[in-house]
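Secondary and tertiary structure notes
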Amino acid sequence: MPDHVPAPAGRRIALIAHDNKKRDMLEWAEYNLDLLAGHELFATATTGHLLQQQLGLPVTCFRSGPYGGDQQIGARIAEGEIDLLVFLWDPLEPHPHDPDVKALLRVAVVCNIPIACNRATADFMISSPLMSSSHQQWDPASSQDRHNQTALTVARAS
């Protein structure tokens with residue numbers, strides 16, 4: 001990454017917690033309140049409203065996860081508008097919107113954004129010195145375009 005790219009003033013962080021993990025999210029956010037205050041926060045509906053009401057954090061809320069909120073956040077990730085994802089999901093409970101959960105995690109991995117799925121990882125991520133340095137998200141579309149161009153060049157040379 002070039003040195004002339006300025007470090008961000010704050011990251012755009014998406015916060016999602018399944019029902020059995022909402023208490024964990026509130027406790028984690030309260031513990032990291034000072035660190036979170038310097039960032040732009042997004043969340044699914046219930047999680048976001050809890051963070052607003054219980055901790056006074058300014059949060060942009062999307063729909064509830066099962067009603068499209070996971071997909072809305074996934075779209076923001078794909079557009080390069082979310083920098084980190086803290087997704088405290090419950091692996092021990094079945095979820096009717098499981099395909100949406102998998103799609104959200106897939107797009108976060110494809111777009112190369114940091115993902116925390118438990119409090120320990122979220123603590124490491126939010127306290128990392130990399131939070132205040134530049135990070136270039138990977139654009140899978142431009143990578144695919146380069147791959148297609150290389151394949152076309154090799155095919156023409158054959």
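Residues numbered from 1 in each chain as written. Predicted model: local features only at pLDDT ≥ 70, side-chain atom pairs only at ≥ 80, totals over all residues. Heavy atoms only, no water.

**Observations regarding the pattern of salt bridges**
This model, assessed by the stated rule, comprises six salt bridges. Notably, a salt bridge pairs Asp83 with Arg12, separated by 2.9 Å at the nearest N-O pair. Linking Asp83 in the loop between α4 (69-78) and β4 (84-88) with Arg12 in strand β1 (residues 12-17), this pair joins segments that are 71 residues apart in sequence. A salt bridge links Lys22 to Asp19, with the nearest nitrogen and oxygen atoms 3.9 Å apart. You can call Lys22 buried: its relative accessible area is 12%. Note on Asp19: relative accessible area 66%, which makes it exposed. One network of salt bridges, with partners in common, ties together Lys21, Asp24, Glu27 and Arg119. (Salt bridge = Lys/Arg side-chain N within 4 Å of Asp/Glu carboxyl O. Helix = DSSP H or I, 4+ residues; strand = E, 2+ residues; numbered from the N terminus. Buried < 20%, exposed > 50% of the residue type's maximum accessible area, 1.4 Å probe, protein only.)

**As for unusual backbone geometry**
The residue Asn112 is not glycine, and still its phi comes out positive at about 60°. Summarising the element assignment, Asn112 is placed in the loop between α5 (98-110) and β5 (115-116).

**Some thoughts on the side chain of Asp70**
Topologically, Asp70 is positioned in helix α4. One buried charge, Asp70, has no salt-bridge partner; the nearest side chain with opposite charge is Lys22, at 8.7 Å. In contact with Asp70, other than residues within four places in its own chain, are Ile16, Thr44, Gly65, His97, Asp100, Val101 and Leu104. (Lys, Arg positive; Asp, Glu negative; His and termini not counted. Contact = heavy atoms within 4.5 Å.)

**What about the packing of helix α1 (residues 22-31) against helix α6 (residues 119-126)?**
A pair of packed helices is captured by two measures, namely the crossing angle of their axes and the spacing between those axes. Remark: α1 packs on α6, axes separated minimally by 11 Å, with the N-to-C direction vectors making an angle of 25°. One finds that α1 runs roughly parallel with respect to α6. In the packing of α1 onto α6, the handedness of the crossing is right-handed. Taken together, the residues of α6 that come into contact with α1 (itself represented by Asp24, Glu27, Trp28 and Tyr31) are Arg119, Ala122, Asp123 and Ile126. In the contact of α1 with α6, the residues fall into four nonpolar, no polar and four charged. (Axes fitted to C-alpha atoms, helices over the stretch in contact; angles between N-to-C directions. Parallel < 35°, antiparallel > 145°, perpendicular 65-115°, else oblique. Left-handed = near helix turned anticlockwise from the far one by under 90°. Nonpolar A, V, L, I, M, F, W, Y, C, P; charged D, E, K, R; others polar.)

All we've got here are geometric facts, nothing functional implied.
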